[in-house]
Amino acid sequence: KAGVTQTPRYLIKTRGQQVTLSCSPISGHRSVSWYQQTPGQGLQFLFEYFSETQRNKGNFPGRFSGRQFSNSRSEMNVSTLELGDSALYLCASSLGEPNEQFFGPGTRLTVL
Amino acid sequence: DQQVKQNSPSLSVQEGRISILNCDYTNSMFDYFLWYKKYPAEGPTFLISISSIKDKNEDGRFTVFLNKSAKHLSLHIVPSQPGDSAVYFCAASAYYEAAGNKLTFGGGTRVLVKP
């Protein structure tokens, strides 16, 4: 079974631009969660989508948004990029119940 | 407010010996706990999990212990191997259907296994 895939793997943007990251979950998984990892803040929850609905949201500004499609693939968007948005963005998928989340390799975003 | 804490930022252990990683949590609503292993620039790899109805779960060289009264869990790796050198994160979840599957992570413990 293929794992979680994320595209692109690396991205360089400048302040003020916007970016869209993509995540394809493991086949059969209906829940997709997004996390941000930075050296200072560690791994922080952004939001979770289940059956195309946002079920939970972390403590991030409205510039961070996401969506999920009917095939469970998910995208997250960050608008008006700031230098502090430079991070590793991780996507995780699960069946949706309280069980393991499986992570993709991440997208390394650098904002200049 | 850091709800999940890993108080040891690093751990060094000899190959073949036991590695013990600790994790404390404050939120009594957490009912599912997981350990992940992470290499730089990669996503975390799931290792082992435990539900709050259990106090121990084993999978090969990995055993997780949960002490609910102390709000403490630990991961034992026996025997430790050089390939186990990585950063280990504990994570906790308080699942209910409306809120879904949010994981709260500790800050990580860097493990170095010396040959």
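Just above, that's the structure.
Criteria and cut-off values
- Every residue gets a number counted from 1 within its own chain, in the order that chain's sequence is written.
- Key to labels: chains lettered from A, ligands numbered from 1, both in the order written.
- Restriction of local features to residues with pLDDT of at least 70 applies here, the model being predicted, together with a cutoff of 80 or more for giving and counting side-chain atom pairs; totals for whole chains, interfaces and linings are based on all residues.
- As a convention, hydrogens and water are excluded, and side-chain values are obtained from all of the structure's heavy atoms.
- Secondary structure counts use DSSP, requiring at least four H or I residues in a row for a helix and at least two E residues in a row for a strand, with both numbered from the N terminus.
- Should any heavy atoms of two residues lie within 4.5 Å, those residues are considered in contact.
- Two strands pair under a simple rule: DSSP has to find at least two bridges between them.
- Only the stretch in contact is used when fitting a helix axis, every axis being a line fitted to C-alpha atoms; angles between N-to-C directions are given from 0 to 180 degrees.
- Throughout, exposure labels follow a simple rule: accessible area from a 1.4 Å probe, protein chains only, divided by the maximum for the residue type, with under 20% read as buried, over 50% as exposed, and the rest as partly exposed.
- Pairing of N or O atoms within 3.5 Å defines a polar contact, subject to two protein rules: one partner must be a possible hydrogen donor and the other a possible acceptor, and residues neighboring in sequence count only if both atoms are side-chain atoms.
- Cavities and pockets are found on a 1 Å grid laid over the protein atoms alone: a cavity is a set of points where a 1.4 Å probe fits but cannot escape, a pocket is an open set with protein on both sides within 12 Å along at least five of seven lines, and a lining residue has an atom within 4 Å of such a point.
- Grid points are joined across faces, edges and corners, and a volume is the space filled by probe spheres set on the points.
- Note on residue categories: nonpolar means Ala, Val, Leu, Ile, Met, Phe, Trp, Tyr, Cys or Pro, charged means Asp, Glu, Lys or Arg, and polar means any other residue, Gly included.
- Note on terms: buried area is the combined drop in 1.4 Å-probe accessible area of two parts once they are placed together, counting the loss on both.
- Between Lys or Arg on one side and Asp or Glu on the other, a salt bridge is scored when a side-chain nitrogen of the former is within 4 Å of a carboxyl oxygen of the latter.

Q: For the environment of Gly 104 of chain A, give the residues involved together with the corresponding values.
A: With respect to the secondary-structure elements, Gly 104 of chain A resides in the loop between β10 (102–103) and β11 (107–111). Each C-alpha atom, one on Gly 104 of chain A and one on Gln 54 of chain A, is 19 Å from the other, the two residues being 50 residues apart in sequence. Those residues in contact with Gly 104 of chain A that lie beyond four places of it in its chain are Val 4, Gln 6, Leu 90 and Cys 91 of chain A together with Gly 43 of chain B.

Q: Talk me through the sheet that holds strand β8 (residues 74–78) of chain A; I want residue IDs and the actual numbers.
A: Residues and elements named next belong to chain A. Pairing is antiparallel in the open sheet, where four strands are placed in the order β1-β3-β8-β7. The sheet is open, and its two borders are formed by β1 (5–7) and β7 (64–68), each paired with just one other strand. Taking each pair of neighbouring strands and ignoring which way they run, the sheet shows an average axis angle of 20 degrees. Bridge analysis of β1 against strand β3 (residues 19–24) gives three bridges, and the strand direction is antiparallel. Directly across from Thr 5, in β3, lies its bridge partner Ser 24.

Q: Describe in detail the side chain of Thr 107 of chain A, supporting the description with residues and values.
A: Residue and element names in this part refer to chain A. Looking at the element boundaries, Thr 107 is found in strand β11. Residue Thr 107 is classed as buried on the basis of its relative accessible area of 0%. Engagement of the side chain of Thr 107 in a polar contact is seen with the backbone oxygen of Pro 8, the distance being 2.5 Å. Dropping the residues within four chain positions of it, Thr 107 is found in contact with Gln 6, Thr 7, Pro 8, Arg 9, Leu 21, Ala 87, Leu 88 and Tyr 89.

Q: Lay out the layout of surface pockets with the relevant residues and their values.
A: Roughly 380 Å³ of internal volume is contained in the second largest pocket. Taken together, 18 residues make up the lining of the second largest pocket; nearest its centre are Gln 37 and Pro 39 of chain A together with Val 87, Phe 89 and Arg 110 of chain B. Contributing elements (two or more residues each) for the lining of the second largest pocket: β4 (31–38) of chain A together with β9 (86–93) and β11 (109–114) of chain B. Tallied by class, residues from the lining of the second largest pocket come to eight nonpolar, seven polar and three charged.

Q: Before we move on, can you summarise the interface of chain A and chain B with the specific residues and values?
A: In this complex, chain A contributes 23 residues to the contact, which on the side of chain B involves 20 residues. Between chain A and chain B the total buried area reaches about 1,800 Å² when both faces are included, carbon and sulfur atoms providing 57% of it. Our enumeration of links across chain A and chain B arrives at zero salt bridges. Our count for the contact surface shared by chain A and chain B stands at six residue pairs in polar contact (both at pLDDT 80 or more). Of all the secondary structure elements, the ones that give two or more residues to the side of chain A that touches chain B are β4, β5 (42–50), β6 (53–57), β9 (87–94) and β10 of chain A. Broken down by element, the side of chain A that touches chain B gets its largest block of residues, four residues, from β4 of chain A. Classifying every residue of the side of chain A that touches chain B by side-chain character gives nine nonpolar, nine polar and five charged.

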